[in-house]
Amino acid sequence: MLSRDEALALLQQYIQEESLLKHSLATEGVLRELARFFQEDEELWGITGLLHDLDYESTKDNPQKHGLKSAEILKDKLPAESIQAIKAHNGEMTGVEPTSKLDFALRCGETVTGLIMAAAYVRPNKLEGMKPKSLRKKMKDKSFAASVNRETIGECSKLNLELSEFLSLAIAGMQKIARDLGF
Ligand SMILES: [Fe+2]
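## Here we look at unusual backbone geometry
Among all residues except glycine, the phi angle is most often negative; among peptide bonds, the trans geometry is most common.
And then number 1: Phi is positive for A145, which is not a glycine, with a value near 40°.
And then number 2: Summarising the element assignment, A145 is placed in the loop between α8 (132-140) and α9 (150-153).

Spelled out as structure tokens, the structure:
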């Protein structure tokens, strides 16, 4: 498997947009937190999160390829379970169904980063002191971060996590890398 340094170098080679780099780092942070919580392989989960959108810029006009192209690029660099999760994170388009714990962790984990980033931008203290309760409120407001799919966040139930518990882990994962996220 790629080292974290190699993974980051690869990401920077494929992704130019600052917000997408931050999204990738945020997803890594959340996946690491979830892996620690479940006593799973933190490195594997983290690097899967970091690289899950590797092909995003090159598949912009071809959304059904998003995830599949990354899988192609990464096939000799990451374990099969990681490749499967990357394909299934865009399962609606790729037709690859999520089944494993990592598949669902990546889906709800990468999606929740959008909600947390949007919430942080409108808070004076950004990520500091952010609570699940206020995020839940924002989730109910459909106009807030409207592109963030609430249903996908709800897939945390497939990990046997209550929404508040999941939000709290996701916040913690992003707080640990706040500086990398520009806060
Ligand atoms: Fe993503």
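## Some points on helix α1 (residues 4-14)
And then number 1: All of the buried residues along α1 are A7, L10 and L11. All buried residues of α1 project into a common sector of 100° when viewed along the axis, lining one side. More than 90 degrees from the buried face of α1, the exposed residues found are D5 and Q13.
And then number 2: Of the surrounding elements, those touching the buried residues of α1 are α2 (18-38), α3 (42-51) and α4 (68-74).

## Considerations on the pattern of salt bridges
And then number 1: Tallying each qualifying case throughout the model produces 12 salt bridges.
And then number 2: A salt bridge links E42 to R36; the shortest N-O distance between them is 2.9 Å.
And then number 3: For R36, a relative accessible area of 37% puts it in the partly exposed group.
And then number 4: E72 is the salt-bridge partner of K75, the closest N and O atoms lying 3.0 Å from each other.
And then number 5: Classification of E72 as partly exposed rests on a relative accessible area of 49%.
And then number 6: Put simply, R4, E28, R32, E33, R36, E42, E43 and K176 are held in one network by salt bridges that share partners.

## Thoughts on α8
And then number 1: When α8 is considered as a whole, its buried residues turn out to be P132, L135 and M139. Around the axis of α8, the buried residues are gathered within 60° of arc, so they sit on the same side. In α8, the exposed residues that point more than 90 degrees away from the buried face are K133, K137 and K140.
And then number 2: In this structure, the buried residues of α8 make contact with α7 (101-121), α9 and α10 (163-175).

What counts, and at which threshold
Residues numbered from 1 in each chain as written. Predicted model: local features only at pLDDT ≥ 70, side-chain atom pairs only at ≥ 80, totals over all residues. Heavy atoms only, no water. Helix = DSSP H or I, 4+ residues; strand = E, 2+ residues; numbered from the N terminus. Buried < 20%, exposed > 50% of the residue type's maximum accessible area, 1.4 Å probe, protein only. Arc of directions from axis to C-beta. Contact = heavy atoms within 4.5 Å. Salt bridge = Lys/Arg side-chain N within 4 Å of Asp/Glu carboxyl O.

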